[in-house]
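Fold and contact review
Residues per chain are reported as follows:
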Amino acid sequence: MTRRTRLPAAGGVALVLVAGVGVAAAVGFGGGTADDAAEARPGAPGNATVTRQTLADGETVDGELGYGPSRTATSRLPGTLTALPDTGARVTRGKSLYALDNDPVVLLYGRLPAYRTLRPGVEGADVRQLERNLEALGYSGFTVDDAYTWATAEAVRAWQDDLGLAETGRVELGRVVFAGGAVRVEGHQLDVGAAVQAGQAVLTYTGTNRLVTAELDVDDKRLADRGTAVQVTLPDGRRVAGKVDTVETVIHNGSADAGGDTSAETKIEVTVTVEDQQALAEFDRASAEITFTVSERADVLTVPVAALLALAEGGYGVEILENGSSQIVAVATGLFADGRVEVSGDGIAEGTTVGIPR
C-alpha cells in the first residue's frame, strides 16, 4: 500500500506549551498586552537560532526504483518465434525486437502504436512517424510529412532490402513495434520455437533509464504535473533531484470479494526521471520515496516548531534570549514544513537566539 507522509501545514501542528505559570501571567492575564512580555525571566533550557531560508511544504509517497512501467510486445502476425533478445538486452531504433519465421520485427521510435498496413496513398500521423524513423536511419529521397508517396515506398524498399525482407514497398501491420525510445527487454512470454498467433504476447519491455514509479490517488493528481521538480530519497538515504516525466491514469481491475464486488480502482501512475543516473547505478529494483512540493516560501525567517509558545490572549510567541535574560515576543506564523515554521515580528531577525522549552 502506498504510504503518504504529509508535512505539517499551518493550523495542523501540535504547538509546544510552556509548562509554567510565569509565562501565562507575563503575556495575557490581568489585561496585559504582548508588549508586557518584555519582562525578563530565566532563559529557556534549550535554544536555537532564527535562520533565513526557503521553506517547502511537501507530500511524500512510496515509489519503486526500476526502469519504469512494463509494456508488452504483442505480435500482430502469425508464425514461428525464431529469435528473442536476452532478458536485460537493450534494443534501439531499427534493430530486431524478435523474429517470426526468421524475419525481424523491428523496433522504431514513436508514441503512436502501429494499427494498419502503410502503403502508397495512405495519409496520417503514423506515416509521418514512420518517415521520421526512416530519415533517422539514413534513408532519403522522400519528404517527411503525412503522405505515403511512391518516394516513401522506394525508401521502404531500400530499408527492407537491408533487413533481408521482401521488397514490397509496404510496411505490413506487425512488422514494426513503436516505443518511446530504446527499450530494455524485461522478460519473455514465449520461448523460441513457439507457434505464435496474432494477438499473442511475445515479450515485455521497459525503458532503458532508471526511473522512479509511484501511484497516487486521483485526488492527488494536482501534485504531479509533467515537468514538476521533485526530490527522490534513495534506499541508502541519499537525496537526488528528479522531475515528473509522465502522468497516466491507470485502472486496476478489482478481484471479487465475499460479496461479489469487482469494482475497479483508478490511480494516477507517475514516473520520475533522475538526471544523475550514476547515483542510481548500484540499484536495480528497490523502494524509494518521492517528495512533491505542495507550497514553498523563499527567503523567510524560520525557527523550529518546538520554539513556539501559545500566548494566553491568543496567537503565538517565541522567547528571545539575549545578554543572559529573556523576553516573550508575539510572532506571526506562516508556512510549517520540515519541523520549522516561518515567523515574523518585532525583534525577530536572522541570527536571533530563541528558547526551546522542555
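Quick caveat, the model's predicted, so the values are computed rather than measured.

It is the contact of helix α2 (residues 125–136) with helix α3 (residues 150–163), at a shortest axis distance of 11 Å, that shows an interaxial angle of 50°. The angle between the axes of α2 and α3 places the two elements in the oblique class. Note that α2 runs across α3; the crossing there is left-handed. Between α2 and α3, the residues in contact are L130, E131 and L134 and T152, A155, V156 and W159, respectively. In terms of residue class, the contact of α2 with α3 is made up of five nonpolar, one polar and one charged.

Side-chain pairing between opposite charges can occur once the charged atoms of the two side chains come close. Applying the stated criterion to the full structure yields 15 salt bridges. Ionic pairing is found between R226 and D245, a salt bridge with its closest N-O pair at 3.8 Å. In this pair, R226 sits in the loop between β13 (211–216) and β14 (229–233) while D245 sits in strand β15 (residues 239–252), placing the two residues 19 residues apart along the sequence. Given the relative accessible area of 64%, R226 is considered exposed. Among the ionic contacts, a cluster of salt bridges with common partners joins R52, D299 and E350.

With that out of the way, let us pick up the environment of F142. One can find F142 in the loop between α2 and α3. In this structure, the C-alpha to C-alpha distance between F142 and E131, residues 11 residues apart in sequence, is 8.2 Å. In contact with F142, other than residues within four places in its own chain, are E131, L134, E135, A151, T152 and A155.

Let us look at the sheet that holds strand β4 (residues 71–74). Spatially, four strands are ordered β4-β12-β10-β6 in an open sheet, and the strand pairing comes out antiparallel. This sheet does not close on itself; its edge strands, each paired only once, are β4 and β6 (90–91).

Turning to the nonpolar core, a few remarks are in order. In terms of nonpolar packing, the biggest core is built from 22 residues, with V232, L234, V270, V272, I290 and F292 touching the most fellow members. Of all elements in the fold, only β3 (51–66), β13, β14, β15, β16 (265–273) and β17 (286–304) reach the threshold of two or more residues within this core. Non-local contacts of V272, meaning those with residues more than four positions away in its chain, are made with L211, V212, V230, V232, G242, K243, V244, D245 and I290. Core analysis: the second largest hydrophobic core is formed by 20 residues, A73, L77, V91 and L190 among them.

Spatial ordering of the open sheet is given by β9-β8-β7-β5-β11, a layout of five strands whose pairing is mixed. Of all strands in the sheet, those with a lone pairing partner are β9 (176–179) and β11 (195–196), marking the two edges. Judged from the two bridges that link them, strand β5 (residues 79–83) and β11 form a sheet pairing that is antiparallel. Pairing of G79 across the sheet is with V196, part of β11.

Next up on the list: α3. Spanning 14 residues, α3 covers 20 Å between terminal C-alpha atoms, matching the ideal 20 Å at 1.5 Å per step. Listed as buried for α3 are T152, A153, A155, V156, W159 and Q160. Buried residues of α3 fall within an arc of 160° about the axis and therefore sit on the same side. Residues of α3 that are exposed and point more than 90 degrees away from the buried face comprise W150 and D162. Contact partners of the buried residues in α3: β8 (103–109), α2 and β9.

Turning to the pairing of β9, a few remarks are in order. Going residue by residue along β9, you find V176 and F178 tucked away on one face and V177 and A179 tucked away on the opposite face as well. The pairing of β8 with β9 spans four bridges and is classified as parallel. The residue bridging L108 from the neighbouring strand is F178, located in β9.

Right, let's get into unusual backbone geometry. For D299, which is not a glycine, the phi torsion comes out positive at approximately 55°. The residue D299 is located in strand β17 in this model. The exposure class assigned to D299 is exposed, which follows from its relative accessible area of 51%.

On to the confidence of the model for the protein, then. For the protein, per-residue confidence averages 85 on the pLDDT scale, and 85% of positions sit at 70 or higher. Per-residue pLDDT stays below 50 along residues 1–43; that stretch engages in 86 contacts with residues further than four places along the chain or on separate chains.

Now for the pairing of β16. Relative to β16, β13 runs antiparallel, the two sharing six bridges. Looking at the pairing, V212 lines up with V272 of β16. In this structure, β15 lies alongside β16, joined through nine bridges in antiparallel fashion. Within β16, the residue paired with H252 across the bridge is E265.

Criteria and cut-off values
Residues numbered from 1 in each chain as written. Predicted model: local features only at pLDDT ≥ 70, side-chain atom pairs only at ≥ 80, totals over all residues. Heavy atoms only, no water. Axes fitted to C-alpha atoms, helices over the stretch in contact; angles between N-to-C directions. Helix = DSSP H or I, 4+ residues; strand = E, 2+ residues; numbered from the N terminus. Parallel < 35°, antiparallel > 145°, perpendicular 65-115°, else oblique. Left-handed = near helix turned anticlockwise from the far one by under 90°. Contact = heavy atoms within 4.5 Å. Nonpolar A, V, L, I, M, F, W, Y, C, P; charged D, E, K, R; others polar. Salt bridge = Lys/Arg side-chain N within 4 Å of Asp/Glu carboxyl O. Buried < 20%, exposed > 50% of the residue type's maximum accessible area, 1.4 Å probe, protein only. Pairing = 2+ DSSP bridges. Core = buried A, V, L, I, M, F, W, Y, C linked by side-chain atoms within 4.5 Å. Expected span 1.5 Å × (residues − 1). Arc of directions from axis to C-beta. pLDDT = per-residue confidence, 0-100.

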